[in-house]
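So the chains spell out like this:
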Amino acid sequence: MMLDPQLPQALAAHLAISGAAVALAVLVAAPLVLLMPARPLLRRAVMGFASTVQTIPALALLALFYPLLLGLGRLTGISVPALGLAPSLLALTLYALLPLLRGGAGGLASVPDGVRDAARAIGMTARQRLVHVELSLAAPVVMGGLRTAAVWTIGAATLSTMVGQPSLGDLIFAGLQLQDWPQVLTGCVAAAGLALVVDAGLGLAQRGLAERRRGPALAGLALIALLVAGVAGWWWQARSDSTARPVVIGVKTFSEQFILAELIAARLRAAGHPVEIRRGLGSGIAYQSLKAGGTDIGIDYSGTLWTQALGQTAMAPRADMLATLARELPARDGVRIAARLGFENAYALAMRRADAERLGVKRISDLARVSARLKLATDLEFQSRAEWTALRRAYGLRFARINSYTPVLMVAALRDGTADVITAYSSDGALAGDDLVLLADDRAALPAYDALLLVAPGRDDLLAALARYEGRIDVAAMREANWQADRPDNKRTPAEAARWLAAKIGEDE
């Protein structure tokens, strides 16, 4: 099996963010562990806080740091990066605290009182007792806490992809969407391998400390050093030879975005630009990252920008919406529209054609009559979007059950009968390959979703290169390219589908 070309960079980034988070957690935990034994109130407060943090899902903790850092920047007037490294490092550091605190506190508590008394009897000062007696005896238990913290952090770091920080999660989330199981397996095995090697190295060090033997301890540290050197060397060998800053294309978590990113990346590379594709960003995170300059190029949709970036709730005609976006995005955020690609990827409700005909459903207003006995599958964010509120308000939809899936699994749920209706997209590849029917939005509850290329503030140098895509891609071509990447058999990679799309639109002419 050919290794994913993203693996060296993702592995190095994953190891770096995990190591930095554990190191920062150690710096925070160490003084607290030393202060807590003589201060019961401090111990209860610190351990209660760390325990509470552990009850928060890692993804939620990562997501919470975005508004916190954004608010901090506004409050202080200081430019605080709210995406990428900062929220990932802070969230993972908090996540690593509890095992370190428990290991440190438990280790010191395990030192027999008789040993402390003997140390006092021979005239040792408190500092000498701590350094030469208590920490020495507590070290194996402390190392146990460090092992747990390291393994937890390496596992949780895969989720940092969702806030714009490169990690092995890039492979896992993209592979899940594309049903590229070797890619998912590569990401999972690499993350597990990192955790196992680090745990083995720290385990050897722990054994050496427990047995008072220098050999195992040094062997454990050497194993971790070899891991770091090997990953760094592989990343260095695989990195681009160019010293220029790469153009970063930020993409969301579905095939269409991957394909369009590969299409644009190929054009930019041919023009001599180094390019990096940052995959797996959530819808809101993708735009915020572009606005903040974390990415240089974004692929977004007019309806999404209308409701999320501009905060609009009332629908508007397509021409008015596009004109407002072209005026307001640069004025508010410095983001420029480089091109309208020529197709619309609109939210829609879809059913199997046989089911729609059996129930006499052609429009969403028809669906409203029978929705109470049907099951709806949505993408992961649809139920929190303004579009879902608008649909319910306009049609009075009430489903027997609603479940959320990644887009490709949402289609699979419809295919196997787990769902009766899905929130589809008008350029969905499944519409090219499966016998599905889109239900007409006869009350115009949903906005237009023209596909747009966006550039970050200060990257007007990219406008000319991207303007060539103005109106070049129709919905049939995009749908077919998406199907090539999404189909269950004879799948193509996003890069292969992008090459097909390039030929289809005459990109090489």
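What you are looking at is a predicted structure, and each value in this text was computed from that prediction instead of being measured. (Residues numbered from 1 in each chain as written. Predicted model: local features only at pLDDT ≥ 70, side-chain atom pairs only at ≥ 80, totals over all residues. Heavy atoms only, no water.)

## A closer look at the sheet that holds strand β9 (residues 436-439)
Here is step 1: With respect to topology, five strands assemble into an open sheet ordered β7-β6-β8-β5-β9, the strand pairing being mixed. What marks the edges here is a single partner per strand, and that holds for β7 (401-404) and β9. Each strand axis lies, on average, 35° off the axis of its neighbour in the sheet, ignoring direction.
Here is step 2: Inspection of the sheet shows strand β5 (residues 347-352) paired to β9 by four bridges, in the antiparallel sense. (Pairing = 2+ DSSP bridges. Helix = DSSP H or I, 4+ residues; strand = E, 2+ residues; numbered from the N terminus. Axes fitted to C-alpha atoms, helices over the stretch in contact; angles between N-to-C directions.)

## A closer look at the pairing of strand β8 (residues 421-425)
Here is step 1: Among the five residues of β8, five are classified as buried, and the element is accordingly described as predominantly covered.
Here is step 2: Where burial is concerned, the two faces of β8 agree: the one with Val421, Thr423 and Tyr425 and the one with Ile422 and Ala424 are both buried.
Here is step 3: Pairing of β5 with β8 involves four bridges; the strand directions are antiparallel. Bridged to tyrosine 347 within β8 is tyrosine 425. (Buried < 20%, exposed > 50% of the residue type's maximum accessible area, 1.4 Å probe, protein only.)

## Section: the sheet that holds strand β1 (residues 247-250)
Here is step 1: Across the sheet, which stays open at both edges, the five strands sit in the order β2-β1-β3-β10-β4 with mixed pairing between neighbours. Both outer strands of the open sheet, β2 (275-278) and β4 (336-344), are each paired with one neighbouring strand and no more. Strand-to-strand twist in this sheet, taken as the mean axis angle between neighbours without regard to direction, amounts to 25°.
Here is step 2: Relative to strand β10 (residues 450-455), β4 runs antiparallel, the two sharing five bridges.

## A closer look at the pattern of salt bridges
Here is step 1: Using the criterion set out here, one finds 18 salt bridges in the structure.
Here is step 2: Residue aspartate 450 pairs with arginine 340 through a salt bridge whose shortest N-O separation is 3.6 Å. Note that aspartate 450 is positioned in strand β10 and arginine 340 in strand β4, a separation of 110 residues in sequence.
Here is step 3: Since its relative accessible area comes to 35%, arginine 340 is described here as partly exposed.
Here is step 4: Taken together, the shared-partner salt bridges connect Arg352, Asp355, Arg358, Lys375 and Asp420 into one network. (Salt bridge = Lys/Arg side-chain N within 4 Å of Asp/Glu carboxyl O.)

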